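# What the coordinates show
The residues making up each chain are set out below.
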Amino acid sequence: MATLSTSALRSVTDEESAAFHRDGAVLLKQVLPTDWVAAAADGLDAAIANPDGMSTDIGTLRVDQFPAARSSELGSLVTEGVLAEIVGSTLGAPVSFYMDQLFFKPAGHVPPTPWHQDTCYYNVDGHDLIRAWVSPDEVPRDLSVEVVRGSHLWNTTYAPLAGRDADRDEDARETFAAAEAQVQAGTAEAPVLGADAHQEWDYFSGVRDQRLPPVPDINASRDSFDILGWHYEPGDVLLFHGHILHSALGGRMAESSRRAHASMWAGPDVHYLHRAGQIIPDPVALYEHKPQSGQPLTDFPDVFPIRWSPDQN
Ligand SMILES: O=C(O)CCC(=O)C(=O)O
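Below, the structure is looked at part by part. Counting starts from 1 at the beginning of each chain's written sequence and moves along it residue by residue. In keeping with the model being predicted, local features are shown solely for residues with a pLDDT of at least 70 and side-chain atom pairs are shown and tallied solely at 80 or more, while totals for entire chains, interfaces and linings include all residues.

## Topic: the overall build of the chain
What counts as a helix is a DSSP run of H or I of at least four residues, what counts as a strand is a run of E of at least two, and both are numbered from the N terminus. A tally of helices and strands in the chain yields five helices and 16 strands. All radius of gyration figures rest on C-alpha atoms, and the globule criterion is 2.2 Å times the number of residues raised to 0.38. The globule rule puts the C-alpha radius of gyration for 313 residues at 20 Å, and the 19 Å found for the chain is close to it. On the principal axes, the C-alpha backbone points of the chain span a range of 50 × 45 × 40 Å. The contact criterion used is a C-beta to C-beta distance within 7 Å, with each C-beta placed from the backbone. Summarising the internal contacts of the chain: among those between residues at least 6 apart in sequence, 86% fall at separations of at least 24.

## Digging into the sheet that holds strand S9 (residues 145–148)
Read across the sheet, four strands follow the order S6-S12-S9-S10 without closing on themselves; strand pairing throughout is antiparallel. Either end of the sheet is taken by a strand with one partner, and the two such strands are strand S6 (113–116) and strand S10 (227–229). Ignoring strand direction, the axes of neighbouring strands in this sheet form an average angle of 20 degrees. As defined by bridge partners, S9 adjoins strand S12 (residues 246–248) across three bridges and the pair is classed as antiparallel. Bridge pairing links Val147 to His246 in S12. DSSP calls a pair of strands paired once it identifies at least 2 bridges connecting them. Think of each axis as a best-fit line through the C-alpha atoms, taken over the contacting stretch in the case of a helix, with angles from 0 to 180 degrees between the N-to-C directions.

## A short note on the site of the ligand
If you check the shell around the ligand, you find Phe103, Thr113, Asp118, Arg131, Trp133, Val145, His246, Ala248, Ala260 and Ala262 and nothing else. When residues of the shell around the ligand are traced back to their parent elements, those giving at least two are strand S8 (129–134), S12 and strand S14 (258–266). Under the grouping applied here, Gly and all other residues not named as nonpolar or charged are polar, the nonpolar ones being Ala, Val, Leu, Ile, Met, Phe, Trp, Tyr, Cys and Pro and the charged ones Asp, Glu, Lys and Arg. Grouping the amino acids of the shell around the ligand by side-chain chemistry returns six nonpolar, two polar and two charged. Whether a residue is near a molecule or strand depends on its C-beta atom, generated from backbone atoms, being within 6 Å of that molecule or strand.

## Brief notes about the nonpolar core
Any set of buried Ala, Val, Leu, Ile, Met, Phe, Trp, Tyr and Cys residues joined through C-beta atoms within 7 Å is what this text calls a nonpolar core. Exposed residues have 12 or fewer other C-beta atoms within 10 Å of their own C-beta, buried residues have 20 or more, and residues in between are partly exposed; the C-beta atoms are placed from the backbone. Ranked by internal contacts, the top residues of the largest apolar core, which has 67 residues, are Ile86, Val87, Ala132, Val237, Leu239, Trp265 and Ala266. If we skip the residues at most four places from it in the chain, Ala132 touches Leu83, Ile86, Val87, Val237, Leu239, Ser263 and Trp265.

## With respect to helix H4 (residues 82–91)
Most of H4 sits inside the fold, with ten of its ten residues counted as buried. Residues Val82, Leu83, Ala84, Glu85, Ile86, Val87, Gly88, Ser89, Thr90 and Leu91 constitute the buried set of H4. Just downstream of H4, Gly92 is the residue with a positive phi angle, here 80 degrees.

## Overview of helix H5 (residues 170–185)
What a helix should span is 1.5 Å times the count of its residues minus one. Its 16 residues give H5 an end-to-end C-alpha distance of 23 Å, which sits within 8% of 22 Å, the value for a rise of 1.5 Å per residue. Of the residues one or two after H5, Gly186 is the one with positive phi, at around 70 degrees.

## Side note on unusual backbone geometry
Of note in the backbone geometry, Gln30 takes a positive phi value of approximately 45 degrees without being a glycine. You can see Gln30 is positioned in the loop between strand S1 (25–28) and helix H2 (34–49). On the neighbour-count criterion, Gln30 (14 C-beta atoms within 10 Å) is partly exposed.

## Examining the environment of Pro94
Take Pro94: it is sitting in the loop between H4 and strand S4 (95–105). Linking Pro94 and Pro114, residues 20 residues apart in sequence, is a C-alpha distance of 31 Å. If we skip the residues at most four places from it in the chain, Pro94 touches Gly88, Gly267, Pro268, Ile306, Trp308 and Ser309.

These values are about where atoms sit, not about what they do.
So, in structure tokens, the structure goes:
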């Protein structure tokens, strides 16, 4: 890969950073240099053309986990600093890359992405979780990501939309009860989903935590919620909090496909949390460290090196 730009097109303003902290999301207009947009496009195309054991088709929505691990372009996007600079300067704190996903919606009938939070899917917790959503495609308001403004501060963790249903599946019930007993006893020596899940996995490999409240039916009463959405253009970076309720509109025909890369970044207060209802496997390099609930991710600097810090700039 040729050498790419080493800094963002412009600085994140104080107003943009304040908007992220207040609303839980902000669209940064024209911050990602064109060469990085092109690299993201190449990386997404390569990953889309080469599914792996974690690629999932949900109707016509394709979702991949950890695509940066198998694409040099996406790998560079999350390690070489420009995106980290954008994320970290918005958060106002040092940031490490935690994990990434791709979302591909081909031309034709575009499925919506249902309302959900990200935090409940992962074995991490903390306030400083921030998502960077980047697309090489123009995405109109009625097909792009939207959020419930301020819901990152609601202090409610909703049930994930995935996972086996312990009410209907005895094996799932037993699996969950055993995992929860270990979590409660503080003896969870291994996460529910092991490193082998990186070879073969789908959204029903884990068991949903039925004790968590269901996501409210936001679309049934959209006027009751303060919904924010944007017209996205290549070069923009959409940042949203890991705990915010978000979705993407769909339900109509589109002439072109929508390719998106979404990376999750962790700031200083993010720690490991064994969830009996884990849905998405841990980053593969973390397994050998046998993390314990409550351990800050900064305890694992070789797995999660700091990619940008205000002190270095
Ligand atoms: O791109 C989408 O449709 C959904 C994105 C999303 O849910 C995420 O990045 O967490």
